[in-house]
Amino acid sequence: MEATRRRSKAHSNGIAAGENEPTAQWGRAWEVDWFSLCSVIALLCFAPFIVYFFVMACDQYQCSVSQPLLELYSGETTLLSIWARSPAFTWEAAKIYAVWVGFQLFLYMCIPDTTHKFLPGYVGGVQEGARTPAGLINKYEINGLQCWLITHAVWLANNFYFHWFSPTIIFDHWIPLMWCANILGYAVATFAFIKAHIFPTNAEDCKFTGNILYNYMMGIEFNPRVGKWFDFKLFFNGRPGIVAWTLINLSYMAKQQELYGHVTNSMILVNVLQGIYVLDFFWNEAWYLKTIDICHDHFGWYLGWGDCVWLPYLYTLQGLYLVYHPVQLSAPYAGAVLALGLLGYYIFRSTNHQKDVFRRTEGSCSIWGRRPPTFIECSYRSADGGVHRSKLLTSGFWGVARHFNYTGDLMGSLAYCAACGTGHLLPYFYVVYMTILLVHRCVRDEHRCSSKYGGDWKRYTDAVPYRLLPGLF
Ligand code: NDP
């Protein structure tokens, strides 16, 4: 089966509103401005240390972020002594990590999806992604839910029956595993960079900005692949890091049980709320092919290293914190956190679902009782010169704000953090980071949409003036 296909140049329905406008550049800026370059250099230099700092603060300072800084400031400790106290790389961790990545690779490449055959409503198996700027449509083998289920079945079978390894294995090797994840993250980003120069998968979809650092960080190739089916973005975004997320939390839960003889309600809340988010990701993996990560971002250090290191280490800080601080929440507080988390999830999922249904049915659907929903008709050109039509929904949550899915995501993020109580700042890093990420993403996406749709995008922003919160932003 062909893993990539090229679409016809012009849409069969003819020409739409903005066709006569000058063709805009679709995608990220080719010329890198100073601000973007400085941000890229700062991220390349500091992101690995941010991850190290938080994990080290838990390991050496009971999750206090101020204590190490104060001690450094007063001269009580030095960077070298902090470094010397950190657990080093071990071959045992390297073995665990290699088995982990190898197992995920095996599940991804060798076991085609069967779950879509018996799970009603689940979309799996071979699916098409969105059109790339060069006009290509890639095909993907969607088997993430199956990989997640098999991995967790093996984990449970080990805990309750085989006892090959301790359920606290991840926590027990957390820092040595971080060195291994870094090695993989840098190796993948470097390989993608070299591959883009020597043997790109789709040369027409490569983007060279003229700045090596920016190219390395933000990626050159759009959808790098090895062979027909090994897709770097889908594998690294959706396998070793996200499948691990729920296992890491389970390992923290097991550690709490081992250390204190019980598991706190805060730990259960974090496991449940983040578990819903992860399962949602896998249940909707085919939809994920249409999100910005897959549709618009190029594959470089930002995605490669980010998926290997940033995601598993910083998205799981709440569970790590609760190992060191086993917070037991009052029932009303826990109830409020659960309600916030579920409401955030509902908004996040419904908003994404509304857009998905709207785009799949090309507007022939009902949203909040309105059939057909209101929308703005748009047109754009791909790099091959083809003119295509699209629609921007203005009903439902998409009429409330232009990115209400991000608002729901942020409410859920706040709930994970609030589940850790108010004793320390560290568990709140996640919501601060997500706010920066999603606001930046919102601005980046709108810049891209404006280039893509031109005047039609302006009509949309006039109709829906706010981005995240009506009346505020
Ligand atoms: P969206 O799902 O919001 O997709 C944005 C794209 O949708 C735009 O580029 C445009 O693409 C299209 N679009 C914009 N407005 C409309 C409209 N009114 N009607 C129809 N289509 C529209 O963004 P993301 O891909 O960033 O996010 C997907 C989800 O993933 C979000 O819920 C987000 O919160 C979550 N997320 C989570 C992260 C995490 O780390 N936990 C990281 C990033 C995202 P087109 O060119 O097709 O018109």
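A brief structural summary. What you are looking at is a predicted structure, and each value in this text was computed from that prediction instead of being measured. Chains are numbered independently. Their residues run from 1 in the order of the written sequence. Two thresholds apply to this predicted model, a pLDDT of at least 70 for residue-level local features and 80 or more for giving and counting side-chain atom pairs, whereas whole-chain, interface and lining totals are computed over all residues. Derived side-chain values reflect all non-hydrogen atoms in the structure, with water molecules and hydrogen atoms excluded from consideration.

Under the scheme used here, helices are H or I runs from DSSP no shorter than 4 residues and strands are E runs no shorter than 2 residues, and both carry numbers assigned from the N terminus. Summing up its helical and strand segments, the protein has 21 helices and 7 strands in all. When we talk radius of gyration, it's over C-alpha atoms, and the globule rule is simply 2.2 Å times the number of residues to the 0.38. Taking 473 residues into account, the globule formula puts the C-alpha radius of gyration at 23 Å, and the protein, at 23 Å, falls close to it. For the protein, the C-alpha atoms occupy an extent of roughly 65 × 55 × 50 Å along the three principal directions. Buried, partly exposed and exposed residues are distinguished by accessible area as a fraction of the type maximum, computed with a 1.4 Å probe on protein chains only: under 20%, between the cut-offs, and over 50%, respectively. For the protein, buried positions account for 56% of its 473 residues. Whether two residues touch is decided by their heavy atoms; if any such pair falls within 4.5 Å, the residues are in contact. Long-range contacts, defined here as pairs at least 24 residues apart, represent 77% of the contacts in the protein between residues at least 6 apart. Surface accessibility follows the Shrake-Rupley procedure with a 1.4 Å probe radius. Residue values consider only the protein chains on display as shielding. Element-wise, carbon and sulfur atoms account for 67% of the exposed surface of the protein, whose accessible area totals about 21,000 Å². Lys and Arg are tallied as positive, Asp and Glu as negative. Neither His nor the chain termini are counted. Positions of charges follow a simple convention, taking NZ of Lys, CZ of Arg, CG of Asp or CD of Glu. Positive and negative side-chain charges of the protein, numbering 35 and 32 respectively, have mean locations separated by a distance of 7 Å.

Turning to the site of the ligand, a few remarks are in order. Only heavy atoms are used to decide nearness, and a residue is near a molecule or strand if one of them lies within 4 Å of it. Not every one of the 27 residues close to the ligand is listed here, only the nearest: Tyr 406, Asp 409, Asp 445, Arg 448 and Tyr 453. In the analysis that follows, any N or O atom pair within 3.5 Å is treated as a polar contact, provided that within protein one partner can donate a hydrogen and the other can accept it, and provided that, for residues neighboring in sequence, both atoms belong to side chains. Tyr 277 is positioned such that a nitrogen or oxygen atom in its side chain is 2.8 Å from a nitrogen atom of the ligand. The contact in question runs from an oxygen atom of the ligand to an N or O atom on the side chain of Tyr 315, over 2.7 Å. Against a free-state accessible area of 920 Å², the protein chains account for coverage of 92% of the ligand.

The subject of this paragraph is unusual backbone geometry. For the bond from Arg 371 to Pro 372, the omega torsion is -5°, close enough to zero to count as cis. Within the secondary structure, Pro 372 is located in the loop between helix 17 (331-360) and strand 6 (375-381). The residue Cys 63 is not glycine, and still its phi comes out positive at about 70°.

The next point concerns the environment of Cys 365. Note on placement: Cys 365 falls in the loop between helix 17 and strand 6. Classification of Cys 365 by relative accessible area gives buried; the value is 4%. Distance in space between the C-alpha atoms of Cys 365 and Gln 354 is 9.3 Å, their sequence separation being 11 residues. Excluding its chain neighbours within four sequence positions, the residues that come into contact with Cys 365 are Val 357, Phe 358, Arg 370, Arg 371, Pro 372 and Pro 373.

Pairs may arise between side chains of opposite charge once their charged atoms sit close together. Salt bridges are identified by distance alone: a Lys or Arg side-chain nitrogen within 4 Å of an Asp or Glu carboxyl oxygen. What the rule picks out here adds up to 14 salt bridges. Notably, a salt bridge pairs Lys 255 with Asp 172, separated by 3.0 Å at the nearest N-O pair. A residue pair is termed long-range when its members are at least 10 positions apart, and Lys 255 in helix 11 (residues 240-260) and Asp 172 in helix 7 (residues 169-172) qualify at 83 residues. Across the pair Asp 231 and Arg 225 runs a salt bridge whose closest N-O atoms are separated by 3.0 Å.

This part covers the side chain of Thr 151. Positionally, Thr 151 belongs in helix 6 (residues 144-162). Take Thr 151: its relative accessible area is 4%, and that puts it in the buried class.

Right, let's talk about the packing of aromatic side chains for a bit. Between rings of Phe, Tyr and Trp, where Trp is taken as its six-membered ring, a pair exists when centres lie within 6.5 Å; planes separated by under 30 degrees are stacked, by over 60 edge-to-face, and by other angles tilted. Summed over all chains, the structure comprises 47 aromatic pairs. Aromatic pair Tyr 108 and Phe 235: ring centres 5.2 Å apart, planes at 50°, arrangement tilted. Within this pair, whereas Tyr 108 is found in helix 4 (residues 91-110), its partner Phe 235 is found in helix 10 (residues 232-238), the two being separated by 127 residues in sequence. When its relative accessible area of 5% is taken as the criterion, Tyr 108 is described as buried. Of the residues examined, Phe 235 reaches a relative accessible area of 1% and is grouped as buried. Ring plane angle 50° and centroid distance 5.3 Å describe the contact between Tyr 122 and Trp 283, whose orientation is recorded as tilted. Within this pair, whereas Tyr 122 is found in the loop between helix 5 (115-118) and strand 2 (125-131), its partner Trp 283 is found in helix 12 (residues 265-283), the two being separated by 161 residues in sequence. When its relative accessible area of 35% is taken as the criterion, Trp 283 is described as partly exposed.

A word on the packing of helix 11 against helix 12. Contact geometry for helix 11 and helix 12: axes closest at 9 Å, N-to-C directions at 165°. Between helix 11 and helix 12, the interaxial angle falls into the category roughly antiparallel. Along this stretch, helix 11 crosses helix 12, giving a crossing that reads as left-handed. For the pair helix 11 and helix 12, contact is made by Ile 242, Val 243, Trp 245, Thr 246, Asn 249, Leu 250, Tyr 252, Met 253 and Gln 256 and by Met 267, Ile 268, Val 270, Asn 271, Gln 274, Gly 275, Tyr 277, Val 278, Phe 281 and Phe 282, respectively. Axis lines are fitted through C-alpha atoms, for helices just across the contact stretch, and the angle between N-to-C directions can take any value from 0 to 180 degrees. Working rule for angles: under 35 degrees goes down as roughly parallel, over 145 as roughly antiparallel, 65 to 115 as roughly perpendicular, anything else as oblique. By convention the crossing between two helices is left-handed if the near helix lies anticlockwise of the far one by an angle smaller than a right angle, and right-handed if it lies clockwise.

The next point concerns helix 4. To estimate the expected span of a helix, subtract one from its residue number and multiply by 1.5 Å. When the terminal C-alpha atoms of helix 4 are compared, their 27 Å separation across 20 residues agrees well with the 28 Å that a helix rising 1.5 Å per residue should span. Along helix 4, the residues classified as buried are Ala 93, Ala 94, Tyr 97, Trp 100, Val 101, Gln 104, Leu 107 and Tyr 108. Lining the buried residues of helix 4 we find helix 6, helix 8 (174-198), strand 5 (230-231), helix 10, helix 11 and helix 15 (301-314).

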